[in-house]
Amino acid sequence: MLEIKDLHATIADTDTEIIKGLNLTVQAGEVAAIMGPNGSGKSTLSYILAGRDDYEVTSGDILFNGESILEMDPSERASAGVFLAFQYPMEIPGVATMQFLKVAMNEQRKARGQEELKTPEFIRLVKAAAGDLDISMEMLKRPLNVGFSGGEKKRAEILQMKLLEPKLCVLDETDSGLDIDALKIVSEGVNALRSPDRATVVITHYQRLLDYIVPDSVHVLSKGKIVKTGDKELAKELEANGYANIIAAAA
Amino acid sequence: MMTNIETTPAEQMLGRLLPTRRTESFHYTDLRSLIREFPAPVITPETGGDNYKRIVDASRLPIFDGKFFDALKDELPAGVTLVQDVERPAANGLDDTLLAINGLGESDAFGVVIEGDATSEKPLGLAHMANSAGLTNVYHNVTVKPGANACVIDRYVSSDGIAHVSSAVVDLSIEKGATANWIIIQEENTDATRLARLNISLAENADLNVFILNAGGKLVRQEINVVVSGENANLDIKGVNLIGGNSHVDVTTVLAHSVPNTTSNQLFRNIMTGQGKGVFQGQIKVHQIAQKTDAKMACNTLLLSDDAAFYAKPELEIFADDVICGHGATVTELEDDHLFYLMARGIKERTARALLVEAFVDEVVEELESEPLIEALEEIIARWLEKNG
């Protein structure tokens, strides 16, 4: 479903290379974890997948269902089925969360040639999805992410993911800033979306999240490249011994 | 030799009187160069048929071409009294151009007295519409009696393609313990010149919310002069200025806190497109005895065009020592982070931009209490952005 081929990317303003020949393949139905130390390029990779224009891909390609997405803008990628759950979701004053959800769902439906949702149907879908994530309708009346706690922001990201039903979910440090109860709720939300036709990339610093979202594959990212690939045992090894040995061995 | 044969007295006088940039408070709005031709007053006011489109359910007082059409008015709520032909304040010498202009021609001057809870259910609408080219003037004197609760919508529209100049002077008095919402909605056409002044006095325990939307006009000067003269009075002024095309919109406020323990809060949000020019001048004077004054002022501008410009000038004159006075002015563009976030959810760039621009001003609109009014204002804003965004 996702194929990243010898990807090189720089920060657009400074030409500093962050991603230096990254290869990664994730199959439909697979949950792939990407782990790595600070500064290895984890968040950059997530932004590049979503199409943020602060980064420039200088060579290589990203294929989604066999087609390159590099020329697509973020909204086209999202409508094609790419979803990024942000590490730090933006607070957007003045845009009501419900209004935002409705516009996003309907823009995607339009882009796919589906009929727009009518308000009662939309409300029904949101209520059902919000209940599972312990999100109150009161919270959804507030402006998007404004005044939400860290945990609320992450739950709101998962809510969006549920409602938009992407094909590829990219979770960027979704565990950061979560207490154990919130972590469980968020993980259950992600697990509920696991399906044979959906791929998930979980970017994380710690093994902890992977106790709840058990990955099919684990990839170690260091200095802009995948330096080691394994199964879920690799994550445990990293937790026990740290990144240093593995990165040294790969170098 | 024939000279000036067509010139009316109004034109002759105004040519001499209009202030230039050499007058401090008109530094950014040089009326003498901006108003090239001053028209003669409209002689026969037109109703314009059904051209006036209502936006909310209000008890309407129709004022067409500056003339009050008594026969077309809605039924007045109990507690609202009209006082026809009130005395206009005299121009303070010939210096005060606006008042001098306001006294020209056949314009109407009438007063409104509001008692009790008269307009809390259904607001009173001062519905101004210009249908004829020329000069029109209105003067209103509005008193909200002690303990009363009032909501007044003071709206200005004009028929398309009518090049008109209008002046509007309103004296608003909020008496002891009264509460009022005063909503100015300006949707003049793009050929219109509007010179407006709102004079406010606030008595003890009075509470006034002023909201102003500027969404039209070629040249607009809106002055708001306030004397906070009763203790524990509170004033809130919020404004949205939508300025595009070749429009020039100037909002100038002068607030005097003249007794102890009063509060004021001013917040303006401006959207600049095209070659629009915007001005906000905010003067706050705190008298020596006006201890414990709490006065705040903020002016935030979203600049969506490189050819547009906004000038913000705060002026604080504080003679008391135990006060809180704050002011801030910002000019920003849309945030890339916000745009990316919305687009990453599948929202197309054009839609995402529109959402963010609307959010910038809707935030202020949504602080109003009346849901139908919020909807009406947001619709005017959306329509303006559709045309000018």
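Residues numbered from 1 in each chain as written. Chains lettered and ligands numbered in written order. Predicted model: local features only at pLDDT ≥ 70, side-chain atom pairs only at ≥ 80, totals over all residues. Heavy atoms only, no water.

Caption draft 1: Examining the overall build of chain B more closely. The helix and strand inventory of chain B stands at six helices and 19 strands. Against the compact-globule benchmark of 21 Å for 389 residues, chain B has a radius of gyration of 21 Å, which places it among compact chains. For chain B, the spread of C-alpha atoms along the principal axes amounts to about 65 × 50 × 45 Å. Relative to its full complement of 389 residues, chain B shows a buried share of 56%. Long-range contacts, defined as pairs at least 24 residues apart, comprise 83% of the intrachain contacts of chain B with a sequence gap of at least 6. (Helix = DSSP H or I, 4+ residues; strand = E, 2+ residues; numbered from the N terminus. Rg over C-alpha atoms; globule rule 2.2 N^0.38 Å. Buried < 20%, exposed > 50% of the residue type's maximum accessible area, 1.4 Å probe, protein only. Contact = heavy atoms within 4.5 Å.)

Caption draft 2: The layout of surface pockets, seen in detail. Residues and elements named next belong to chain B. Counted as a void, the largest pocket has a volume near 640 Å³. Around the largest pocket, the lining comprises 28 residues; the ones closest to its centre are Glu187, Glu188, Ala215, Arg383 and Lys387. Only β7 (149-158), β13 (234-243) and α6 (371-388) provide two or more residues apiece to the lining of the largest pocket. Residue classes in the lining of the largest pocket are distributed as ten nonpolar, eleven polar and seven charged. Looking at the lining of the largest pocket, you find at least three residues from each of domain 1 (9-334) and domain 2 (335-389). (1 Å grid on protein atoms, 1.4 Å probe; cavity = no way out; pocket = protein on both sides within 12 Å on 5 of 7 lines; lining within 4 Å. Points joined across faces, edges and corners; volume = space filled by probe spheres on them. Nonpolar A, V, L, I, M, F, W, Y, C, P; charged D, E, K, R; others polar. Domains from an automatic or database assignment.)

Caption draft 3: Layout of the domain arrangement of chain B. Residue and element names in this part refer to chain B. In terms of domains, chain B is made up of domain 1 (9-334) and domain 2 (335-389). Measuring from the centre of the C-alpha atoms in domain 1 to the corresponding centre in domain 2 gives 25 Å. If you look at the interface, domain 1 gives 26 residues, while domain 2 gives 23 residues. Roughly 2200 Å² is buried in total at the junction of domain 1 and domain 2, and carbon and sulfur atoms are behind 79% of that figure. In this structure, the connection of domain 1 to domain 2 is made through two salt bridges. Arg269 is paired through a salt bridge with Glu363; the nearest N and O atoms lie 2.9 Å apart. At the junction of domain 1 with domain 2, the criterion picks out five residue pairs in polar contact (both at pLDDT 80 or more). Looking at the side of domain 1 that touches domain 2, the elements that each hand over two or more residues are β9 (179-187), β11 (207-214), β13, β15 (263-272) and β17 (294-303). (Buried area = accessible area lost by both parts, 1.4 Å probe. Salt bridge = Lys/Arg side-chain N within 4 Å of Asp/Glu carboxyl O. Polar contact = N/O pair within 3.5 Å; in protein donor to acceptor, adjacent residues only side chain to side chain.)

Caption draft 4: Quick look at the pairing of strand β1 (residues 2-11) of chain A. Residue and element names in this part refer to chain A. Bridging between β1 and strand β2 (residues 17-26) involves seven bridges; their strand directions are antiparallel. By the bridge assignment, Ile4 is partnered in β2 with Leu24. Between β1 and β2, which pair antiparallel in sequence order, lie five residues; one of them, Asp15, sits at a positive phi of approximately 65°. Both β1 and strand β4 (residues 55-64) contribute to a ladder of eight bridges, which runs antiparallel. Bridging from a neighbouring strand, Ile11 pairs with Tyr55 of β4. (Pairing = 2+ DSSP bridges.)

Caption draft 5: Region of interest: unusual backbone geometry. With a phi close to 45°, Lys223 of chain A is a non-glycine residue in the positive phi region. Secondary-structure assignment places Lys223 of chain A in the loop between β9 (217-222) and β10 (225-230). Phi at Asn261 of chain B is positive, roughly 60°, even though this residue is not glycine. One can find Asn261 of chain B in the loop between β14 (248-257) and β15. Judged by its relative accessible area of 33%, Asn261 of chain B is partly exposed.

Caption draft 6: Layout of helix α4 (residues 119-132) of chain A. All names here are of chain A. In a regular helix each residue adds 1.5 Å, so 14 residues correspond to 20 Å; α4 covers 20 Å between its end C-alpha atoms and thus fits that length. The set of residues buried in α4 consists of Phe122, Val126, Ala129 and Ala130. Angular distribution of buried residues about the axis of α4 spans 100°; they occupy a single face of the element. Projecting away from the buried face of α4 at angles above 90 degrees are the exposed residues Pro120, Lys127, Gly131 and Asp132. Next to the buried residues of α4 lie α3 (97-111), α5 (137-141) and α6 (150-164). Asp134 sits one or two positions beyond α4 and adopts a positive phi of about 60°. (Expected span 1.5 Å × (residues − 1). Arc of directions from axis to C-beta.)

Caption draft 7: Structural context of the interface of chain B and chain A. In this assembly, 16 residues from chain B lie in contact with 33 residues from chain A. For the pairing of chain B and chain A, the buried interface totals around 2100 Å² over both sides, and the portion due to carbon and sulfur atoms is 67%. The largest contributions to the chain B side of the interface with chain A come from Phe340, Tyr341 and Arg345 of chain B, which together make up 39% of the buried area. Remark: the boundary between chain B and chain A carries two salt bridges. Seen at the junction of chain B and chain A, the total is twelve residue pairs in polar contact (both at pLDDT 80 or more). Listing elements by their share of the side of chain B that touches chain A, those giving two or more residues are α4 (336-343) and α5 (349-365) of chain B. Looking at which element gives the most residues to the side of chain B that touches chain A, the answer is α4 of chain B, with six residues. Tallied by class, residues from the side of chain B that touches chain A come to nine nonpolar, three polar and four charged.

Caption draft 8: Expanded view of a negative patch on the surface. On the surface, Asp53 of chain A together with Asp306, Asp307, Glu333, Glu335 and Asp336 of chain B cluster together to form a negatively charged patch. With respect to the helices, strands and loops of the structure, Asp306 of chain B is situated in the loop between β17 and β18 (309-318). Note on Asp306 of chain B: relative accessible area 77%, which makes it exposed. (Patch = residues over 30% accessible without salt bridge, like charges linked within 9 Å, V, L, I, M, F, W, Y side chains within 5 Å. Areas by Shrake-Rupley, 256 points an atom, 1.4 Å probe, with all protein chains shown as cover. Lys, Arg positive; Asp, Glu negative; His and termini not counted. Charge placed at Lys NZ, Arg CZ, Asp CG, Glu CD.)

Caption draft 9: Representation of the pairing of β17 of chain B in the model. All names here are of chain B. Burial runs high along β17: seven of the ten residues are buried. In this sheet, β17 lies alongside β15 in parallel orientation, the contact comprising ten bridges. Its bridge partner being in β17, Ser264 is matched across the sheet by Ala295. When β17 meets strand β19 (residues 324-332), the two strands line up parallel, connected through nine bridges. Note that in β19 the partner of Leu302 across the bridge is Thr332.

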